[in-house]
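# Report on the structure
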Amino acid sequence: MGTSISTFCHCYSDDDSKSESNDCSQERRALLASQERQAVASLVKLFENDTRINFYEGEPLKSLTILAHSDVHHLQLSAATAFSEISEYDVRPISREALEPMLYLLQSAYTDVQHCASAALGNLAGVEENKRLIVGMGGVKYLVHQMLSPSTEAQINSVGCITNLAADEDNKLAIAKSGALIPLTRLARSADLRVQRNATGALLNMTHRADLRVMLMEAGSVAVLVELLESKDEDTQYYAVTALSNIAVDDSGRDVLWSTQPALISILLQALRKPKIKLQSQIALTLRNLASDERYQAAIVAHGGLDSLLPLLTSSYTLLIMSAAACLRNLSIHPDNEAPIVRAGFLPELLDLVLQMDEPELQCHVISTLRNFGANNGSDKQALIDAGLLDRIRMAVEDKRVHPTVRCELAAALSVFALNDQLWRPIVELGFCELLVRLMRCRHMETEYNACLAIGTLVGKNLPEVYEELMRLWQKPGTGLRIQLAQILTLAEYAGTGVRSVAIWIIMAFMNSSRSDLQKRIAYDTQLVRAVEEISKVRTTMPSENTGPSWGFLPGIFGNKGKDVDFYEGTSSAMTLNNNSGSSSRSSSSNSTAVDGGGPDNEAQRTQSLALQVLSLVKDVPSTC
């Protein structure tokens, strides 16, 4: 940096001005105003005395600002070059005063000055405070103008800066409204891989907002992003597939992809077979988002997607295993996909991963996949039973290392299995009712809800073997069904929750049974009846604070969403420094076990209504002699 500035400035030092034979000083002295000569002299002195200078404030900034506003090309270029080279090693939050001369240089009539100024802005835009300052001071419109330049260097620097600016959430809309999307889309097709990479990174950063995803689709970005899946540059491929993954989060995005990109699945699966771990992982996550749509669930399997996913699931890389499991989770939603998944050899791998206690997110994906199988009542479940499905579920639930969210998924799976015509009986015969009763009071509200739901589903079958098993557990000391129900009905923490609604429904199901001994067991239990009476009197306007999960009713009484869809939004932000793109990614999943929601008021009304029905049934039971 010292060479480019001090050598040029030396042409205007006081010693040189005394020499009439020096052509440089003779020709240019007339062009220099007094302030400019002083600025040059000041910079020369600073370079000679101290190489560690803060150029963003004080005398150095003042001198550079004077040169930046000069009408002389070489002085502008000196200032722009200084800012460009300084920002390569000194990147920090800067003031408006420091940014102003750089923005002024960005508007210079000289392209080489513009190039250096945009390079400086791109480097400084790696700092959060600077991102917002550049946009706030109107820098985007000048960068967009440079993006339209035929100069490759101008395109690299301006697009790189836009990419960094777009990594800030508050800047995205301003950039989109500046008219940048169409030029970015055009430059993403550039023959220069550096321009292509930076432009694709900028498009990726714009896909983190739903409204901007719509604007990108309107700008024609989708077709370009699909083309870039076959780019020669791996970073560009990664940015493109992550951007498409984000677009696939929305129904409208999947509709556009389905209607305009018929080759997308084939291209993704072809790229998935290449041994590039980071890219493979992101492709699997993109397929997962696409597979939240029934059309893509069928299409991915039809195009041979399972053959591409199985090697990932059996690999030694956790990242690939996680991504493949997440994709499989959504593919398993389609009822026609269960048989192909089992035939392809996934089942043993999935069952082994159920016990992968050090990877709870992975466990949740796998358990949800098995849960989706259970929700498919139209297929033969004997293969699942023979493979040890229920044994693995039990081992996972009883493992002391199991994460609470995983236990919640396990309970949700059992609640769905209880609905299945082929799985409910093994659940009862293998002693899962006792396990579920224990989970009814495990100090994790959603797990308790799912456990109650499973018990309620079994009771609702109105079958003797279910009643016999639950009556065996009724009075078990400490963890019996009766004490669990009593606590749910009386403890304040359950007020207005779905857990209490299901507990009362279980009691009502006993009262509605044809077994008089069950009816009497409830009706003659003064503690339970008194608790139900208190609930029936509670006003239905509940406190506003969250008192626990509140969900809708399942078939018959409560509504169970047997199959859950999982989305991933790529949070990778493309960043550029010195025209080299880098990225960081973070994987994020929502392991939802919830069914249709309702507020506390609504749940309280349901609970009160059920309580009144139970009391009506209790009155019909003959009193003891």
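Residues numbered from 1 in each chain as written. Predicted model: local features only at pLDDT ≥ 70, side-chain atom pairs only at ≥ 80, totals over all residues. Heavy atoms only, no water.

Okay, the overall build of the chain next. Helix and strand counts for the chain stand at 39 helices and two strands. Burial analysis of the chain (625 residues in total) assigns 56% to the buried set. Carbon and sulfur atoms provide 50% of the accessible area of the chain, an area that totals close to 25300 Å². (Helix = DSSP H or I, 4+ residues; strand = E, 2+ residues; numbered from the N terminus. Buried < 20%, exposed > 50% of the residue type's maximum accessible area, 1.4 Å probe, protein only. Areas by Shrake-Rupley, 256 points an atom, 1.4 Å probe, with all protein chains shown as cover.)

Attention now goes to the pattern of salt bridges. Inspection of the entire model under this criterion finds 28 salt bridges. The salt bridge involving Asp168 is made with Arg132; its shortest N-O contact spans 2.9 Å. Taken together, the residues Asp168 in the loop between α11 (152-165) and α12 (172-177) and Arg132 in helix α9 (residues 128-136) connect sequence positions 36 residues apart. Between Asp192 and Arg194 there is a salt bridge, with its nearest N and O atoms 2.9 Å apart. The class for Arg194 is partly exposed, based on a relative accessible area of 39%. (Salt bridge = Lys/Arg side-chain N within 4 Å of Asp/Glu carboxyl O.)

Where the model shows low pLDDT, its predicted coordinates should not be examined in detail. Taken over all residues, the pLDDT of the chain has a mean of 85, while the share at 70 or more is 83%. Contacts from residues 1-21, a stretch scored under 50 in pLDDT, to residues over four places away or in other chains number 38 contacts. For the stretch residues 575-599, pLDDT sits under 50, and the model shows 86 contacts to residues farther than four places along the chain or on other chains. (pLDDT = per-residue confidence, 0-100. Contact = heavy atoms within 4.5 Å.)

Turning our eyes to something else, we now look at the nonpolar core. In terms of nonpolar packing, the biggest core is built from 188 residues, with Leu287 and Phe510 touching the most fellow members. The element contributing the most residues to this core is helix α35 (residues 498-512), with eleven residues. Non-local contacts of Leu287, meaning those with residues more than four positions away in its chain, are made with Ile265, Leu268, Leu269, Leu272, Ile300 and Cys327. (Core = buried A, V, L, I, M, F, W, Y, C linked by side-chain atoms within 4.5 Å.)

A few words on the packing of aromatic side chains. Enumeration over the complete set of coordinates arrives at four aromatic pairs. Aromatic pair Trp474 and Phe510: ring centres 5.8 Å apart, planes at 85 degrees, arrangement edge-to-face. Linking Trp474 in the loop between α33 (464-472) and α34 (481-490) with Phe510 in helix α35, this pair joins segments that are 36 residues apart in sequence. Exposure remark for Trp474: the relative accessible area of 1% places this residue in the buried category. Three or more aromatic residues joined by ring pairs make a cluster, and in this case those are Tyr467, Trp474 and Phe510. Note that Lys278 overlies the ring of Tyr238, its terminal NZ or CZ placed 4.3 Å from the centroid. Just above the ring of Phe432 sits the side chain of Arg394; from NZ or CZ to the centre is 4.5 Å. (Phe/Tyr/Trp six-rings, centres within 6.5 Å; stacked < 30°, edge-to-face > 60°. Lys NZ or Arg CZ within 6 Å of the ring centre and 35° of its normal.)

As a further point, take the packing of helix α26 (residues 360-375) against helix α29 (residues 404-417). Between two packed helices, both the angle of their axes relative to each other and the distance between the axes serve to describe the pair. Look at α26 against α29: their axes get within 9 Å of each other, and the N-to-C directions meet at 5 degrees. Here α26 is positioned roughly parallel relative to α29, judged by the angle of their axes. Of α29, the residues touching α26 (which contributes Pro360, Gln363, Cys364, Ile367, Ser368, Leu370, Arg371, Gly374 and Ala375) are Thr405, Val406, Glu409, Leu410, Ala412, Ala413, Val416 and Phe417. The class makeup of the residues in the contact of α26 with α29 is eleven nonpolar, four polar and two charged. (Axes fitted to C-alpha atoms, helices over the stretch in contact; angles between N-to-C directions. Parallel < 35°, antiparallel > 145°, perpendicular 65-115°, else oblique. Nonpolar A, V, L, I, M, F, W, Y, C, P; charged D, E, K, R; others polar.)

Let's shift gears to the environment of Ala486. Mapping Ala486 onto the fold places it in helix α34. Here the alpha-carbon distance between Ala486 and Val529, two residues 43 residues apart in the chain, equals 9.6 Å. Excluding anything up to four places from it in sequence, Ala486 contacts Gln527 and Leu528.

An α-helical turn contains 3.6 residues, so a residue and the one three or four places further along point in the same direction. Along its 14 residues, helix α14 (residues 193-206) runs 20 Å from first to last C-alpha, staying within 8% of the 20 Å computed at 1.5 Å per residue. In terms of burial, α14 is largely enclosed, as twelve of its 14 residues are buried. Turning to α14, its buried residues are Val195, Gln196, Arg197, Asn198, Ala199, Thr200, Gly201, Ala202, Leu203, Leu204, Asn205 and Met206. Structurally, the start of α14 carries an N-cap: the backbone nitrogen of Arg194 is 2.9 Å from a side-chain oxygen of Asp192. (Expected span 1.5 Å × (residues − 1). Polar contact = N/O pair within 3.5 Å; in protein donor to acceptor, adjacent residues only side chain to side chain.)

What follows covers the environment of Glu349. Inspection of the secondary structure assignment puts Glu349 in helix α25 (residues 346-353). Each C-alpha atom of the pair Glu349 and Leu313 lies 7.5 Å from the other, and the pair is 36 residues apart in sequence. Ignoring any residue separated from it by four or fewer positions in sequence, one finds Glu349 in contact with Leu313 and Thr314.

Attention now moves to the environment of Gly201. Within the secondary structure, Gly201 sits in helix α14. As for Gly201 and Ile162, which are separated by 39 residues in sequence, their C-alpha atoms are 9.4 Å apart.

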